[in-house]
Amino acid sequence: MKKNRLFTPGPTMVPESVLLEMARPIEHHRTAGFRKMFEEAHGLLQYLFQTKAQCVTITGSGTAAAEAAIVGCCPTGHKALVINNGKFAERWEKVCETFNINHTTLPIEWGHGANAEVVTKALQADREIDTVICVQSETSTTALSDIEGIAKVTRERGAILIVDGITAVGAIPVKMDDWGVDVYITGSQKALMLPPGLGFAAVSDRAWERIDSATTPALYNDLKAYRKSLEGWDVPYTPAVTLIRGLLHVLRDIKLRGLESIWAETALLARATREAAKAMNLKTFAVDPTDSVTAVMVPEGVDEPALRKEMRERHGFHIAGGQGHLKGRIVRLSHMGYVDAFDTLGVIAAMELTLIRQGFKLEPGSGITAAQKVLAEANK
Ligand SMILES: *Cc1c(COP(=O)(O)O)cnc(C)c1O
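Basis of the calculations
- Residues numbered from 1 in each chain as written.
- Predicted model: local features only at pLDDT ≥ 70, side-chain atom pairs only at ≥ 80, totals over all residues.
- Heavy atoms only, no water.
- Helix = DSSP H or I, 4+ residues; strand = E, 2+ residues; numbered from the N terminus.
- Rg over C-alpha atoms; globule rule 2.2 N^0.38 Å.
- Buried < 20%, exposed > 50% of the residue type's maximum accessible area, 1.4 Å probe, protein only.
- Contact = heavy atoms within 4.5 Å.
- Pairing = 2+ DSSP bridges.
- Axes fitted to C-alpha atoms, helices over the stretch in contact; angles between N-to-C directions.
- Disulfide = S-S within 2.5 Å.
- Near = heavy atom within 4 Å.
- Polar contact = N/O pair within 3.5 Å; in protein donor to acceptor, adjacent residues only side chain to side chain.
- Areas by Shrake-Rupley, 256 points an atom, 1.4 Å probe, with all protein chains shown as cover.
- Nonpolar A, V, L, I, M, F, W, Y, C, P; charged D, E, K, R; others polar.
- Expected span 1.5 Å × (residues − 1).
- Domains from an automatic or database assignment.
- Buried area = accessible area lost by both parts, 1.4 Å probe.
- Salt bridge = Lys/Arg side-chain N within 4 Å of Asp/Glu carboxyl O.

Visitor: Which residues make up the overall build of the protein, and what values go with them?
Guide: Regarding its fold elements, the protein presents 14 helices and 13 strands. Computed over the C-alpha atoms, the radius of gyration of the protein is 21 Å, within 12% of the 21 Å expected from 2.2 N^0.38 for a compact globule of 380 residues. In terms of its C-alpha atoms, the protein occupies a principal-axis envelope of roughly 60 × 55 × 40 Å. Considering the protein as a whole, with its 380 residues, one finds that 58% of them fall into the buried category.

Structural data, given as structure tokens:
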């Protein structure tokens, strides 16, 4: 019997134990029981983001948390720099446009990440910039930006740094306080291996100062309202209690396994996948690849929608296509959350079979052999 496996970079697979946990009866949120659960989850979120900062949980997707942070941190009188190297960065530019936020864009070629050098140049060119918005792991292109390096630059400048860590937090190294990031964002359906529906923003004291200085209107997405409720381990509006129950379960497990070991595991799966692609004579897209998701270029003569359809319908592997001008040119495989080496060998095997059926010249087993070598090396 065919088994379905979700390999998209969000949503991702949810562990059975989490599904069972979330099947328990609904508990009302204005209760001591909920507050206790939320307090523990908050402490674990701080571990997840590696911070002492307050972590806001919004019922909504990651975009809700990002919008709340951008609008809150960029009131009139301030100017943002949006680093744009992909589809999600474009969304943050769109938030600025929608809310009339004074901003400028630093375009970076797709597939590349941003680093301290390019951000330094952009800040030197425009003295008004006091906020920088950057995507750490740009899921659309699978490029990684050097947040540690960029944060050094924004700190020197005294600028606020907002990082979209939606496919970074819980998958690859994120050290909010060590690096000096002001706002870190993530969502539930990527590395946190939960269903979609929760957005998170970890907000530094510096960022709160900025947010407090503003009179920008916001209601549901007003971070200040969430901070006030947090004082009593509460939330301003009815939260997705089911997801918060699942969140606590997942975060306890993450703490138990340890972030370092999770980062290492994600990196190993990414390396195995990249080596498999190379051995299959396939190119990967990103110049500065992230480890949370890999983009493999679809070879000449292979029909991309048919490749994905066959992977899903014949073999049960749901992989993602490309976005924007990468539509039809790449497929993307996730390494986040509830996925292991054997799922990963499976997706590579299914890709081999599908490519061979499509007439692509390929020695069966070449990809999995290369991946297996990486795994064997790490297993010594
Ligand atoms: C998925 C994703 C988003 C969008 O998050 P939603 O939860 O769908 O709103 C934003 N940024 C990145 C990098 C993502 O991977």
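Visitor: Help me get a handle on the environment of Pro173, residues and values and all.
Guide: Inspection of the secondary structure puts Pro173 in the loop between β8 (160–164) and α7 (176–179). Remark: the alpha-carbon pair of Pro173 and Gln50, spanning 123 residues in sequence, is separated by 9.7 Å. When residues no more than four places from it in sequence are discounted, the contact partners of Pro173 are Gln136, Trp179 and Trp263.

Visitor: Give me the side chain of Arg210: which residues, what numbers.
Guide: Looking at where Arg210 falls in the secondary structure, it is placed in helix α8 (residues 205–213). Residue classification places Arg210 among the buried residues on the basis of a relative accessible area of 10%. If sequence neighbours within four positions are ignored, Arg210 has contacts with Gly72, Cys73, Pro75, His78, Asp130, Thr131 and Ile160.

Visitor: Could you give me a rundown of the sheet that holds strand β10 (residues 198–203), with the residues and numbers involved?
Guide: The mixed open sheet is built from 7 strands, whose spatial order is β2-β10-β9-β8-β5-β3-β4. At either end of the open sheet lies a strand with only one pairing partner, and these are β2 (54–59) and β4 (103–107). Adjacent strand axes in the sheet meet at a mean angle of 20° when their direction is disregarded. As defined by bridge partners, strand β3 (residues 80–84) adjoins strand β5 (residues 131–135) across 3 bridges and the pair is classed as parallel. Along β5, the bridge assignment pairs Val82 with Ile133. Where helix α3 (residues 62–73) meets the sheet, its contacts fall on β2, β5, β8, β9 (183–187) and β10, and the angle it forms with β9 comes to roughly 160°. Across the sheet, helix α4 (residues 87–98) lies against β3, β4, β5 and β8, angled at about 150° from β3, the strand it touches most.

Visitor: Tell me about the state of the cysteines, residues and numbers included.
Guide: Taken as a whole, this structure holds 0 disulfides when the rule is applied. Unpaired in terms of disulfides, Cys73 finds its nearest cysteine sulfur in Cys74, a separation of 6.2 Å. Relative accessible area serves as the criterion here: at 0%, Cys73 is assigned to the buried category. Note on Cys74: no disulfide assigned, nearest cysteine sulfur contributed by Cys96 at a separation of 5.7 Å. The buried category is assigned to Cys74, whose relative accessible area is 5%.

Visitor: Break down the environment of Asp288 for me, citing the residues and quoting the values.
Guide: For Asp288, the position within the fold is in the loop between α11 (259–279) and β11 (293–297). Using a relative accessible area of 30% as the deciding quantity, one classes Asp288 as partly exposed. Look past the residues within four positions of Asp288 in its chain and what remains in contact with it is Gly111, His112, Gly113, Thr142, Ala143 and Leu144.

Visitor: Please set out the pairing of β10 residue by residue, giving values where relevant.
Guide: Burial analysis of β10 places 6 of its 6 residues in the buried class, which makes it a mostly covered element. Burial along β10 is two-sided: Leu198, Phe200 and Ala202 and Gly199, Ala201 and Val203, pointing in opposite directions, are all buried. The pairing of β9 with β10 spans 5 bridges and is antiparallel. In the sheet register, Thr186 faces β10, and the bridge partner there is Phe200.

Visitor: Lay out the site of the ligand in plain terms, naming residues and giving numbers.
Guide: Close to the ligand lie 14 residues, the nearest being Ser61, Thr63, Thr139, Asp164 and Lys190. A distance of 2.5 Å separates an oxygen atom of the ligand from a polar side-chain atom of Ser61. Between Thr139 and the ligand, the recorded distance is 2.4 Å, taken from a side-chain N or O atom to an oxygen atom. Relative to its free-state accessible area of 380 Å², the ligand is covered by the protein chains to the extent of 91%. Counting residues per element, the shell around the ligand draws most heavily on α4, which supplies 3 residues. Split into classes, the residues belonging to the shell around the ligand amount to 4 nonpolar, 7 polar and 3 charged.

Visitor: Tell me about α11, residues and numbers included.
Guide: Helical geometry: 3.6 residues make up each α-helical turn, so side chains three or four residues apart lie on a common side. An ideal rise of 1.5 Å per residue puts 30 Å on 21 residues; α11 measures up with 30 Å between its terminal C-alpha atoms. At its buried positions, α11 is contacted by α2 (32–49), α10 (241–257), β11, β13 (330–334), α13 (341–357) and α14 (366–378). Asn281, located one to two residues past α11, shows a positive phi value of around 60°.

Visitor: Give me the lowdown on the domain arrangement of the protein, citing residues and values where you can.
Guide: According to the domain assignment, the protein consists of domain 1 (5–9 + 259–378) and domain 2 (16–257). For domain 1 versus domain 2, the distance between C-alpha centres works out to 28 Å. Each partner contributes to the interface: domain 1 provides 27 residues, whereas domain 2 provides 29 residues. Summed over both sides, the interface between domain 1 and domain 2 buries roughly 2,400 Å², with carbon and sulfur atoms accounting for 61% of that surface. Contact with domain 2 buries area across many residues of domain 1, yet Leu259, Ile262 and Trp263 alone supply 27% of it, more than any other trio. Linking domain 1 with domain 2 are 1 salt bridge. A salt bridge links Glu265 to Arg257; the nearest nitrogen and oxygen atoms lie 3.6 Å apart. In this assembly, domain 1 and domain 2 are joined by 14 residue pairs in polar contact (both at pLDDT 80 or more). Top element by residues in the side of domain 1 that touches domain 2 is α11. It accounts for 6 residues. For the side of domain 1 that touches domain 2, a count of residues per class yields 14 nonpolar, 9 polar and 4 charged.

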